[in-house]
Structures are given as structure tokens and as C-alpha cells.
Amino acid sequence: MAGATFRQFPHTADLGIEVEAESRAELFEAAGLALFSLMVDPSTVSAREARGISAQGEDEEELLRAWLHQLLLAFAIGGFVAREVEVERLDRFVVEGTIRGEPYEEGTHRFEREIKGVTYHGLRVEEANGKWMARVIFDV
Amino acid sequence: MVWEISRQGEMRVPGRIFASEDLMADIRSDPALEQVANVACLPGIVGAALAMPDIHWGYGFPIGGVAAVDLEDGVISPGGVGYDINCGVRLAATGLCRQDIEKKIEPLADALFAAIPCGVGAHGAIRALSVKEEKRLVERGAAWAVEQGFGDAEDLLHAEEKGCLAGADADALSDTALERGRSQVGTLGSGNHFLEVDVIDEIYDREGAAKLGLSMDQVVVIIHSGSRGLGYQVCDDFLKLMVKAMARCGIRLPDRQLACAPIRSPEGESYLAAMRCAANYAWANRQVMFALAARAFEQALEISPRDLKMRLIYDVCHNIAKFEDHEIDGKTMRVCVHRKGATRAFGPGHPELGIYREMGQPVLIPGDMGRYSFLLLGREEAMRQTFGSTCHGAGRVMSRAQAKKQARSIDLHATLRERGVTARYRGFATIAEEMPYAYKDVAQVVDVMERAGVSGKVARFKPLAVIKG
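What this report covers is the structure whose coordinates are included nearby. Fair warning: this is a prediction, and the values are worked out from it, not measured in the lab.

### Some remarks on the overall build of chain B
Across its full length, chain B carries 16 helices and 18 strands. In terms of overall dimensions, chain B is globule-like: its C-alpha atoms have a radius of gyration of 21 Å, near the 23 Å expected for 469 residues. Here chain B holds 469 residues, and the buried ones make up 67% of them. In chain B, the proportion of contacts linking residues at least 24 apart, taken out of those at least 6 apart, comes to 78%.

### A word on the interface of chain B and chain A
Think of interface size as the accessible area that goes away when the parts come together; that is how it is often given. Chain B puts 41 residues into the contact, and the matching count from chain A is 33 residues. When chain B packs against chain A, the two sides together hide about 3200 Å² of surface, and 56% of this comes from carbon and sulfur. Taken together, the links from chain B to chain A amount to seven salt bridges. Our enumeration of links across chain B and chain A arrives at 15 residue pairs in polar contact (both at pLDDT 80 or more). Where the side of chain B that touches chain A is concerned, the elements lending two or more residues are α7 (175-181), α9 (228-249), α13 (400-407) and α15 (428-433) of chain B.

### Brief notes about the nonpolar core
Counting 196 residues, the largest nonpolar core has W67, L68 and F138 of chain A together with V234 and F297 of chain B as the members making the most contacts within it. Of the residues forming this core, the biggest block, 22 residues, is contributed by helix α10 (residues 266-301) of chain B. Excluding its chain neighbours within four sequence positions, the residues that come into contact with W67 of chain A are F28, I53, A55, V85, V87, V95, E96 and G97 of chain A.

### A look at the side chain of K116 of chain A
Take K116 of chain A: it is sitting in the loop between β5 (94-103) and β6 (117-118). The class for K116 of chain A is buried, based on a relative accessible area of 5%. Side-chain polar atoms of K116 of chain A contact the side chain of D84 of chain B, separated by 3.4 Å. Residues in contact with K116 of chain A, not counting those within four places in the same chain, are L72, D139 and V140 of chain A together with Y83, D84, R180, H193 and Y232 of chain B.

### Observations concerning the sheet that holds strand β4 (residues 80-90) of chain A
Residues and elements named next belong to chain A. Strand order in this open sheet of three strands is β3-β5-β4, and the pairing throughout is antiparallel. Looking along the sheet, the strands with just one partner apiece sit at the ends: β3 (49-56) and β4. In this sheet, adjacent strand axes meet at a mean angle of 25° when their direction is disregarded. In the sheet, β3 pairs with β5 via eight bridges, with the strands oriented antiparallel. Each residue of the ladder has a partner; that of E49, found in β5, is G101.

### Examining the pairing of strand β2 (residues 15-21) of chain A
Residues and elements named next belong to chain A. With six of seven residues buried, β2 is to be regarded as a mostly interior element. In this sheet, β2 lies alongside strand β1 (residues 5-9) in antiparallel orientation, the contact comprising five bridges. Residue pairing across strands places F9 opposite G16, the latter belonging to β2. Here β1 hands over to β2 after five residues, the two strands then running antiparallel side by side. As paired elements, β2 and strand β8 (residues 131-139) share seven bridges and run antiparallel to each other.

### Points about the side chain of Q361 of chain B
All names here are of chain B. Relative to the elements of secondary structure, Q361 occurs in the loop between β13 (343-344) and β14 (362-365). Among the residues examined, Q361 registers a relative accessible area of 0% and is labelled buried. Those residues in contact with Q361 that sit more than four places away from it in its chain are Y314, V316, R344, A345, F346, L353, L376, L377 and G378.

### Quick look at the pattern of salt bridges
In a structure, side chains of opposite charge can pair up when their charged atoms sit close to one another. Per the stated rule, a full pass over the model turns up 49 salt bridges over all chains. Linking R384 of chain B and E381 of chain B is a salt bridge whose minimum nitrogen-to-oxygen distance equals 3.2 Å. One end of the pair, R384 of chain B, and the other, E381 of chain B, are both in helix α12 (residues 380-385), three residues apart, so they sit about a helical turn from each other. What you see here is one network of salt bridges that share partners, running through R113 of chain A together with R396, R400, E433, E434 and K468 of chain B.

### What to know about the packing of helix α5 (residues 131-140) of chain B against α10 of chain B
Residue and element names in this part refer to chain B. Between α5 and α10, the least distance of the axes is 7 Å, while the angle of their chain directions is 90°. On the basis of the axis angle, α5 is roughly perpendicular to α10. Between α5 and α10, the residues in contact are E134, L137, V138 and E139 and R276, C277, N280, Y281 and A284, respectively. Along the lines of polarity and charge, the residues of the contact of α5 with α10 split into five nonpolar, one polar and three charged.

### Let's talk about the sheet that holds strand β4 (residues 63-70) of chain B
Residues and elements named next belong to chain B. With mixed pairing, six strands are arranged side by side in an open sheet as β1-β2-β3-β4-β12-β11. Since the sheet does not close on itself, it has two edges, and those belong to β1 (2-5) and β11 (319-328), each with one partner. Each strand of the sheet is rotated relative to its neighbour by a mean of 25°, with strand direction disregarded. Direction of pairing for strand β3 (residues 45-56) relative to β4: antiparallel, over a ladder of five bridges. For L50, the partnering residue across the bridge sits in β4 and is V66. Along the sheet, helix α2 (residues 32-39) contacts β1, β2 (15-18), β3 and β4; its crossing angle with β3, the most-contacted strand, is approximately 165°.

### Description of the packing of helix α1 (residues 24-39) of chain A against helix α2 (residues 60-76) of chain A
Residues and elements named next belong to chain A. The geometry of α1 relative to α2 is characterised by a closest axis approach of 10 Å and an angle of 40° between their N-to-C directions. By crossing handedness, the relation of α1 to α2 is classed as right-handed. The segment α1 lies against α2, with R24, F28, A31, G32, L35, F36 and M39 engaging E60, L63, L64, W67, L68, L71, L72 and F75.

### Focus: α2 of chain A
Across its 17 residues, α2 of chain A extends 24 Å between first and last C-alpha, which sits within 8% of the 24 Å expected from 1.5 Å per residue. A large share of α2 of chain A lies buried, amounting to 14 of its 17 residues.

### Here we look at the state of the cysteines
Two cysteines form a disulfide when their sulfur atoms are joined by a covalent bond. Residue and element names in this part refer to chain B. A full pass over the atoms with the stated rule returns zero disulfides over all chains. Sulfur of C336: no disulfide; nearest cysteine sulfur belongs to C260 and is 12 Å away. C336 gets classed as buried once you look at its relative accessible area, which sits at 0%.

### Brief notes about the environment of A48 of chain B
Residues and elements named next belong to chain B. Residue placement: A48 occurs in strand β3. Residue classification places A48 among the buried residues on the basis of a relative accessible area of 2%. Spatially, the C-alpha atoms of A48 and R228 are 31 Å apart, while their sequence positions differ by 180 residues. When near neighbours in sequence (up to four residues on either side) are disregarded, A48 contacts V13, P14, R16, V66 and F387.

Here is what the cut-offs are and how they apply
Residues numbered from 1 in each chain as written. Chains lettered and ligands numbered in written order. Predicted model: local features only at pLDDT ≥ 70, side-chain atom pairs only at ≥ 80, totals over all residues. Heavy atoms only, no water. Helix = DSSP H or I, 4+ residues; strand = E, 2+ residues; numbered from the N terminus. Rg over C-alpha atoms; globule rule 2.2 N^0.38 Å. Buried < 20%, exposed > 50% of the residue type's maximum accessible area, 1.4 Å probe, protein only. Contact = heavy atoms within 4.5 Å. Buried area = accessible area lost by both parts, 1.4 Å probe. Salt bridge = Lys/Arg side-chain N within 4 Å of Asp/Glu carboxyl O. Polar contact = N/O pair within 3.5 Å; in protein donor to acceptor, adjacent residues only side chain to side chain. Core = buried A, V, L, I, M, F, W, Y, C linked by side-chain atoms within 4.5 Å. Pairing = 2+ DSSP bridges. Axes fitted to C-alpha atoms, helices over the stretch in contact; angles between N-to-C directions. Parallel < 35°, antiparallel > 145°, perpendicular 65-115°, else oblique. Nonpolar A, V, L, I, M, F, W, Y, C, P; charged D, E, K, R; others polar. Left-handed = near helix turned anticlockwise from the far one by under 90°. Expected span 1.5 Å × (residues − 1). Disulfide = S-S within 2.5 Å.

Take a look at the structure:
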């Protein structure tokens, strides 16, 4: 996943991220990692188990949002924290992948903050000159 | 002072902003005003699109906004309620004063921190509910919690809607919403949620305070929390649905984030039924945490419930949509009032207020964790100017990223201790993002609404202990 980065952009009340990557698949991986790292410090997580994740969407942005929402649910419902995110299949309307991590444990994992939702607010996915970029705002 | 955005373009009503000159400068620094003008374009909107002094930009609707729509041809919008449906505040008084707890503040903070988890991942204080039990909870609200042994029936008289909105239908909830909520009963959540132990350090309305049994140095408990994952999921589920509904109903708005549906449509009715479930979940949750907090006090201070005398003053919500009667252009209309980051503040004489009918509705306005919070009473003028609404809190002045960066160079615990605050928290990023310097002074916000005659201060509370998720 060389070259994939994310940074936070200013938003008063919520949390906005901008992700850049060399490919669409890496963009989805980087955005997923960004989400997990905002919730729990990945350096405190071991990649002991794997979970499969899939999502569908009617367009580029909706697909990314749906993917991130499924990752959020893996934590919010499944109690699972990940330090690795891998996309295995990505076409126009479907994404499938695997996350590696372990069940969340207070005391072991450094909890950063709760993310309530992946919003549609300012949601963007763009490709320019072979590079991919996405903007997502999380409700905190 | 009231600022007006006059009707233009597609606006059906004007925009009206309650703010001082100083606050207005802040308000102009993000797209909030543009959002107020966009809200004024909603089908069925009446009166004006209102903005409270703590307004800032949000998803479609700004946070700190009030919009009332006609029931027959108006729309309901999840964005006009917010992700955290019935995020609200509860104020409880105790029979204790500052001297009773000062020397025991650390064990008290520890006990509260242990008693009320923040509910991260899938963990909660109460055993995970069965689907059947959860469905009962969302249709009964705070009454469900009382039935489970958390507090008593009398508490229900001291809450907006008695802690339960009619018209909740558990079948309107998705499986995912139910799944997210089943293990989170009795949890605080994170972000700007908190449980605080405060003391009354100023009284503005002696008569009002006396009637409420409040006096200087009295220890109070404030709980700020919402509908947890269940509510967030309801918002998510319906935003998606509404975008499709808008297309089908031919609703076109300047901002597609104002996703909405006619109140009298299957999507609109379904959202209202689900939103009410989420609101009831939040009331049940605050009732549970209120009882858990009382037990923690009793345990840490080794006193009996009779000596603690914890009693609920009031519980308000600030993210909700409700059907209410209001007078518009001389006639009484039943409208749907969206309050997103705004609190109901009915004046004296309103039949909805029950035991508070004579004095007006108590309103709790939380400030940041280092300064103060306020208790207000709604005034008659609120019914005339703001659909019986007032502000909800301090509003942020800096982004979370900025606040976190600033936190790197200071000792958070020491900073709070300087202000006399003992803190316990779970989220390392959260505590940094929630520091007092990230927030406006809530007194400024409260004073604007006081000068407008909408709500009046009764008392001020100073935090001694803060529990954060």
C-alpha cells in the first residue's frame, strides 16, 4: 500500500479526512485503515483474526461510503478492531475484502474516539492523472 | 439581537438568526448562513428558518437550527434532526453540598467511571437485550427503565414527553439499528457526551431556584447523551431512503443534503415512527445512567439513598422533530418542529409542561467541561419568536484536528485540575478534542436568548468531576 496517505481537513464539529492513493483499490484500503485508526490506535492491535467485508453502491461515492459503513459496523456491532485492510474484489458496484485484527478489549487497545456515522456530507471520490483521491466526513 | 436573511430566490420564508455582534462574526466564518437560507426553501416551512446563537454548519441543516413545517404539505428531514436523535441533557439535584464531596472527589469520579461504560465496540453496562425486549424499550422509553428498577415512576413527570414519544413503532427500525442498540443500554457514548458532578455557583432567579429546591453550593449531576448506535443507524437508514423519495416526489432543493420526504408519505411516516423509537431509546438510556450514577454516589460516599436524595429536575432533548401547536399569523397551526442542536423552551402556562406549567419549562444548557453550564426557564416570548425553542450549548471554535494538535503541548489533567476539575475518560483523542479551549463561552450564547426574552437564567453550575467516553 505504498503511497497511500490520509490527512484530516478542518471541520468545526465533525471529522473530515482526505485520502490519496495510487489505485482505486488502495484508496478503499487506505480509507478503511483511516477509519479504524481514528477509532483505535492500530499500533495497539494485533492481526490475529480475519473478517470478510462486502458492500454495494450505485455510484463511486455511495460504494465507498457503504464500504466504510460496513467497516464501522464490524467495530460497532462485531466489536472487532483492525490494523490491516485488504480489498480483494472491486468493480463498479461491489467491493469485497478482508480486515485483520482482533476483538476489541478495553485496556489492551488504545481507544481514540467513537465514530457515529459515515456521512454523505462533502463526500467525493475522484481520479486525476492516475491518482485517486477521496473526501469523507465522519460524524463524531 | 435578531438578524434577518430576507426572502430571495427559492426561499419560501425569511431566515432569522439570534446572535450578538461578536457571535455573528464567528457565524459568518462557515457556511451556516447559507444553510439557513437553504432550509428556508423546504416545502411547507412556516414562519422563518431560525438559527440559534450557537449555530454552525452541519449536514444540510446547520446545527443550532429550528424549522417548523405544515403537517399537510410539509417535509420531514433526518438531517434536520441530526445523527444523534434525542441527544439531550438531564439534570438531577442531590441533597449534598460541595463540602460533602470535595475530599472524596477522586473515589467518586472512579466509581462513576466504573459504573457507566462508554459503550465502545459492543460492550455495555446492562446485559445485551433480546430483540423482543429491545422493541419494548423503544416503545416505552424511560418507563421501560423504571420497570427494570432504574429510578421511579415519579421521575417520568420530570422529563420532556415524560420520557416517551407516542407514535414509536419498533417495526420501522432496521435489523442493523436494533443490533447496534442491543448492547448499548446504560452507556454514555463518546465525543461531546459526558456525565458531570457540578455545584451551583451562582443563582440568577431566586424565586425559580427556590421553587426547584436549588441553592448555592448544592451538588448536581448532569448527563449529556443520546440514542447511541441505534439512533445513528436510523439516521443513516433514512437519509439513504429519503434521497430516493425526493426524486420520486419531485422535490428539488438547492442542497441535496436536505434529503427529505413529505410527512404524509410512506417514507416520512416511517422515519417519524423510527425516530420516535430512537428518541425513546435515549430517554430510557438517560434514565438508566441516572440510576447507575445514584448507586455510584451511594457506594463511593457510603451514604444511603435517603441521604443522597437524588432527584430529577428535568430532561430535555436537543435533536428531535415533534408535532406541536403554534400560533402563526394569528391562527393556531399544528406543525412539525425540527430542532437540531436546539432545545424546547415552552413558556409558563403551556399545558404540555405538567408540573412545570406555572413556572415555565426548565432548560439545561451544557457548556464545556472546564467552565460552566446553565439552567434556564422558557418564557412566553419563546412561543412568539422561536416556536418555543432556545439554544442548546456552547458551540465549537476550533476543529477537532486543531484541538488535538494544541493538546500535544499541554498536560490535559493539569489544565483541568487548575480549573478544579477531576476528569476520567476513555477516548484519548476525545479528551483532547473536547478541551475547554475548543469551545465558545456558553454564557454568551445563553445571554443572547435572555436578551431576546426567550429564556431566562435560573442558576449556573460549575464542574467538579467529568466522566467522558
